[in-house]
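Each chain, letter by letter, is given below.
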Amino acid sequence: MKSSSRFIPLFLALSLVIGIGIGTFYANHFSGNKLGIINTSSNKLNALLRIIEDRYVDTVQINELVEDAMPQILKELDPHSSYIPASQLDAINSELQGSFGGVGIMFNVINDTVRVNKITINGPSYQSGIVAGDRIVEINDTIYAGKGIDSNSIIKKLKGEIGTKVKIGVIHKGEKAISRYIITRGSVPVKSIDVAYMVDKDFGYLRINKFGETTYPELLIALAKLNQANCKGLIVDLRSNTGGYMEPAIQMVNEFLPKNRLIVYTQGKKVPRENFSSNGTGSNPNIPLVILVDENSASSSEIFTGAIQDNDRGTIVGRRTFGKGLVQQPIEFSDGSAIRLTIARYYTPSGRSIQKPYQKGKEGDYEMDILNRFQHGEFFSADSIKQDTAEVYHTRLGRVVYGGGGIMPDVFVPKDTIGYTSYYGQSLQSGMLYQFILDYVDRNRDRLKSYDSLEALEKYLIRQGLVQQFVTWADKNGLKRRNNLVNKSYKLLDRALMRYVIDCMLDVEEVARYANKYDNEVLKALDILKQGKAFPQAPTATEK
């Protein structure tokens with residue numbers, strides 16, 4: 001008994017060695033020598049891809065798998081961290097760079113035909129002889145006519161590096177033969193401040209549609225133009241401006257603030273707090289300001305708006321903003337793709353984060369927020385807006401403002417739905433209004449070109465009975481005539497049709513001048529300026 005017990009440690013040692021040997025054998029032969037590296041979360045993904053590539057039953061394109069997985073991984077972080085494939089990066093960046101390489105053509109695809117709607121004055125196509133009203137039928141000897149024409153593919157064909165060439169075949173109005181042009185792509189400007197004009201003799205209006213690389217210089221040019229016209233007060237329209245770069249917004253707010261006023265600050269887990277303040281070099285620190293915002297004003301628009309509101313520098317008019325208070329850093333990969341990773345939050349001068357709440361895994365709820373606001377009546381009544389009373393902050397003068405989701409305007413203006421009917425909605429959503437106007441302009445372009453001012457063109461169009469022409473045309477094309485609804489929506493239909501014609505024949509500033517005459521938010525802003533109430537007042541004792 002004693003003799004056999006002496007061999008027990010030896011048996012145990014042998015068993016252990018044999019067990020390790022068997023384990024190593026199976027690890028090497030059935031895991032492809034890869035399972036041994038799966039010991040931390042950070043390298044599981046690489047290991048998983050290698051295992052799939054070596055052991056999966058079917059052939060898998062690993063690159064495609066990665067492309068599909070990247071957006072899903074980033075989606076788990078927050079609603080604004082995103083992945084941009086290499087094929088899309090140039091197009092996305094060009095939106096904020098102030099220009100892109102192209103031919104200077106704006107077109108629509110109507111009835112399987114590519115129609116040139118506008119030409120950039122002095123652009124490559126303009127200099128080649130292509131004019132509005134032409135039909136594009138060929139690009140680089142490929143036919144572009146008939147069913148299945150894709151607008152995005154046309155844009156990709158027309159865009160390209162500056163100095164490269166593209167061959168375009170067009171049919172001019174009244175001709176049957178194809179005229180072919182070899183066009184050298186040039187720099188096509190993309191303005192982020194596309195409108196700046198005097199609404200009346202005292203007050204100016206400018207619209208900022210994005211915050212890009214050239215937005216700040218464009219602001220200086222616009223302000224110089226308006227100041228030359230003796231502008232005594234300014235309406236800044238940020239409605240539907242979804243943002244862009246943060247730096248231009250900071251530079252632009254600086255133009256309106258005195259020295260040493262906090263504009264915004266950023267802070268994150270790996271990003272220490274950084275303050276951005278005015279330096280006192282602003283060209284218009286005292287001009288009365290009214291800022292227009294709506295539910296689609298986001299990101300840099302909210303930086304601008306929050307800085308003006310918290311510094312009591314101007315009056316905010318409109319509806320609660322989107323609520324995007326996250327800062328993304330672009331990070332590019334060697335294959336030309338990139339991610340935009342959230343690295344910090346930004347805070348308005350009073351200290352509020354205006355990022356609306358979100359929950360991981362519930363991006364659908366986040367994306368539906370605007371629709372939910374609409375359904376809850378927020379667009380139509382300020383009383384329907386639930387402010388987060390746990391997020392109370394104060395402006396320089398002591399006015400109460402709230403964090404927790406967007407910026408609430410100082411003066412609420414409900415969304416205008418007077419005259420809106422199902423007939424009007426269908427005519428817009430189906431594209432019929434615009435299609436009718438494209439046909440109308442096509443038939444009457446020579447006559448319309450003789451009216452080169454908004455006033456002259458508007459006077460002519462008033463006499464043309466556009467609404468009745470449209471209703472008759474639409475009835476023949478699938479939208480049944482509803483006389484009662486047409487009468488209720490007559491003004492909306494008439495203004496939409498007029499605006500579309502003006503857009504086809506004149507520049508974007510003239511379109512804005514026409515539309516703003518009937519815009520309740522612009523009219524309210526103008527009224528505030530005329531009454532001298534653009535500068536907020538400190539609250540009374542009962543308001544605090």
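Notes on the structure in this doc start here.

## Focus on the overall build of the chain
Then, number 1: Within the chain one finds 20 helices and 21 strands.
Then, number 2: Its C-alpha radius of gyration of 30 Å places the chain more than 25% over the 24 Å reference for a compact globule of 544 residues.
Then, number 3: Accessible surface, the chain as shown: approximately 29,000 Å² in total, 52% of it carbon and sulfur.
Then, number 4: One finds the centroid of the 67 positive side-chain charges in the chain at a distance of 2 Å from the centroid of its 59 negative side-chain charges.

## A look at a nonpolar patch on the surface
Then, number 1: A cluster of nonpolar side chains, Met368, Leu371, Phe374 and Phe380, forms an exposed patch at the surface whose accessible area comes to about 340 Å².
Then, number 2: Note that Met368 resides in the loop between α11 (363–367) and α12 (369–375).

## Overview of the pattern of salt bridges
Then, number 1: A full pass over the atoms with the stated rule returns 25 salt bridges.
Then, number 2: A salt bridge links Asp442 to Arg135, with the nearest nitrogen and oxygen atoms 2.6 Å apart. In this pair, Asp442 is assigned in helix α14 (residues 432–448) and Arg135 in strand β5 (residues 135–139), connecting sequence segments 307 residues apart.
Then, number 3: With a closest N to O distance of 3.1 Å, Arg513 and Glu510 form a salt bridge.

## Here we look at the pairing of strand β12 (residues 233–237)
Then, number 1: In terms of burial, β12 is largely enclosed, as five of its five residues are buried.
Then, number 2: Burial along β12 is two-sided: the face carrying Gly233, Ile235 and Asp237 and the face carrying Leu234 and Val236 are both buried.
Then, number 3: Across five bridges, the pairing between strand β11 (residues 203–208) and β12 is parallel. Residue pairing in the sheet places Gly204 in a bridge with Leu234 of β12.
Then, number 4: Taken together, β11, helix α8 (residues 215–228) and β12 form a β-α-β motif whose crossover is right-handed.
Then, number 5: The sheet contact formed by β12 and strand β15 (residues 289–293) spans four bridges and is parallel.

## A look at the packing of α8 against helix α9 (residues 246–254)
Then, number 1: Where α8 contacts α9, the axes come no closer than 8 Å and their chain directions differ by 25°. One element, α8, and the other, α9, form an angle in the roughly parallel class. Here Thr215, Tyr216 and Leu219 of α8 lie close against α9, whose contacting residues are Pro248, Gln251 and Met252.
Then, number 2: Per-class residue counts for the contact of α8 with α9 are four nonpolar, two polar and no charged.

## Observations regarding the sheet that holds β11
Within a sheet, neighbouring strands are paired by backbone hydrogen bonds and run either parallel or antiparallel to one another.
Then, number 1: Spatial ordering of the open sheet is given by β10-β11-β12-β15-β16-β21, a layout of six strands whose pairing is mixed. Pairing within the sheet leaves two strands with one partner each, and these edge strands are β10 (193–198) and β21 (411–412).
Then, number 2: Across the sheet, α8 is in contact with β10, β11 and β12; its angle to β10 comes to roughly 15°.
Then, number 3: In this fold helix α20 (residues 520–530) packs onto β11, β12, β15, β16 (315–318) and β21, with an angle of close to 165° to the strand it touches most, β15.

## Examining the side chain of Gln309
Then, number 1: Mapped onto the elements, Gln309 comes out in helix α10 (residues 300–310).
Then, number 2: Aside from chain neighbours lying at most four places away, what touches Gln309 is Ile316, Arg352, Thr395, Arg399, Val401, Ile407, Met408, Pro409 and Asp410.

## Considering the packing of α9 against α10
Then, number 1: Remark: α9 packs on α10, axes separated minimally by 9 Å, with the N-to-C direction vectors making an angle of 25°. When the axis of α9 is compared with that of α10, the two are roughly parallel. Between α9 and α10 the crossing geometry is right-handed. In contact with Met246, Ala249, Met252 and Val253 of α9, α10 contributes Ser300, Ile303, Phe304, Ala307 and Ile308.
Then, number 2: Residues belonging to the contact of α9 with α10 are distributed by class as follows: eight nonpolar, one polar and no charged.

## So, a negative patch on the surface
Then, number 1: A cluster of like negative charges, contributed by Glu64, Glu67, Asp68 and Asp335, occupies part of the molecular surface.
Then, number 2: Residue placement: Glu67 occurs in helix α4 (residues 62–75).

## Details of unusual backbone geometry
Outside of glycine, negative phi angles account for most residues, and trans bonds account for most peptide bonds.
Then, number 1: Phi at Ser240 takes a positive value of approximately 60°, unusual for a residue other than glycine.
Then, number 2: Relative to the elements of secondary structure, Ser240 occurs in the loop between β12 and α9.
Then, number 3: Here Ser240 falls in the partly exposed class, since its relative accessible area comes to 44%.
Then, number 4: The backbone phi angle of Asp312 is positive, close to 50°, even though this residue is not glycine.
Then, number 5: Within the secondary structure layout, Asp312 lies in the loop between α10 and β16.
Then, number 6: Residue Asp312 is classed as buried on the basis of its relative accessible area, which comes to 7%.

## Points about the environment of His394
Then, number 1: Note on placement: His394 falls in strand β19 (residues 392–394).
Then, number 2: For His394, a relative accessible area of 44% translates into the label partly exposed.
Then, number 3: The spacing of His394 and Ser82 is 312 residues in sequence and 33 Å in space, taken between C-alpha atoms.
Then, number 4: In this structure, His394 is in contact with Ser350, Arg399, Val400 and Val401, ignoring residues within four places of it in sequence.

## With respect to helix α18 (residues 490–505)
Then, number 1: The terminal C-alpha atoms of α18 lie 23 Å apart, and with 16 residues this matches the ideal 22 Å at 1.5 Å per residue to within 8%.
Then, number 2: Within the sequence span of α18, burial applies to Leu493, Ala496, Leu497, Met498, Tyr500, Val501, Ile502, Cys504 and Met505.

## A closer look at the packing of aromatic side chains
Then, number 1: Within this structure, the stated rule accounts for 16 aromatic pairs.
Then, number 2: When the ring of Tyr358 is compared with that of Tyr366, the centres are 6.3 Å apart and the planes differ by 90°; the resulting orientation is edge-to-face.
Then, number 3: Here Tyr366 falls in the buried class, since its relative accessible area comes to 8%.
Then, number 4: Each residue in the set Phe436, Tyr440, Phe470 and Trp473 is aromatic and connected to the rest through ring pairs, giving one cluster.
Then, number 5: Directly above the aromatic system of Phe322 lies the positively charged group of Lys356, at a separation of 3.6 Å from the ring centroid.

## Points about the environment of Pro536
Then, number 1: The residue Pro536 is located in the segment after α20 in this model.
Then, number 2: The residues touching Pro536, leaving out its near neighbours within four places in the chain, are Asp312, Arg313, Gly314, Thr315, Leu397 and Arg399.

## Concerning the side chain of Glu521
Then, number 1: By the secondary structure assignment, Glu521 is in helix α20.
Then, number 2: Setting aside residues no more than four positions away along its own chain, Glu521 makes contact with Arg239, Leu292, Val293, Val317, Gly318, Arg319 and Val413.

What counts and how
- Residues numbered from 1 in each chain as written.
- Predicted model: local features only at pLDDT ≥ 70, side-chain atom pairs only at ≥ 80, totals over all residues.
- Heavy atoms only, no water.
- Helix = DSSP H or I, 4+ residues; strand = E, 2+ residues; numbered from the N terminus.
- Rg over C-alpha atoms; globule rule 2.2 N^0.38 Å.
- Areas by Shrake-Rupley, 256 points an atom, 1.4 Å probe, with all protein chains shown as cover.
- Lys, Arg positive; Asp, Glu negative; His and termini not counted.
- Charge placed at Lys NZ, Arg CZ, Asp CG, Glu CD.
- Patch = residues over 30% accessible without salt bridge, like charges linked within 9 Å, V, L, I, M, F, W, Y side chains within 5 Å.
- Salt bridge = Lys/Arg side-chain N within 4 Å of Asp/Glu carboxyl O.
- Buried < 20%, exposed > 50% of the residue type's maximum accessible area, 1.4 Å probe, protein only.
- Pairing = 2+ DSSP bridges.
- Right-handed = clockwise from strand over helix to strand, strands pointing away.
- Axes fitted to C-alpha atoms, helices over the stretch in contact; angles between N-to-C directions.
- Parallel < 35°, antiparallel > 145°, perpendicular 65-115°, else oblique.
- Contact = heavy atoms within 4.5 Å.
- Nonpolar A, V, L, I, M, F, W, Y, C, P; charged D, E, K, R; others polar.
- Left-handed = near helix turned anticlockwise from the far one by under 90°.
- Expected span 1.5 Å × (residues − 1).
- Phe/Tyr/Trp six-rings, centres within 6.5 Å; stacked < 30°, edge-to-face > 60°.
- Lys NZ or Arg CZ within 6 Å of the ring centre and 35° of its normal.

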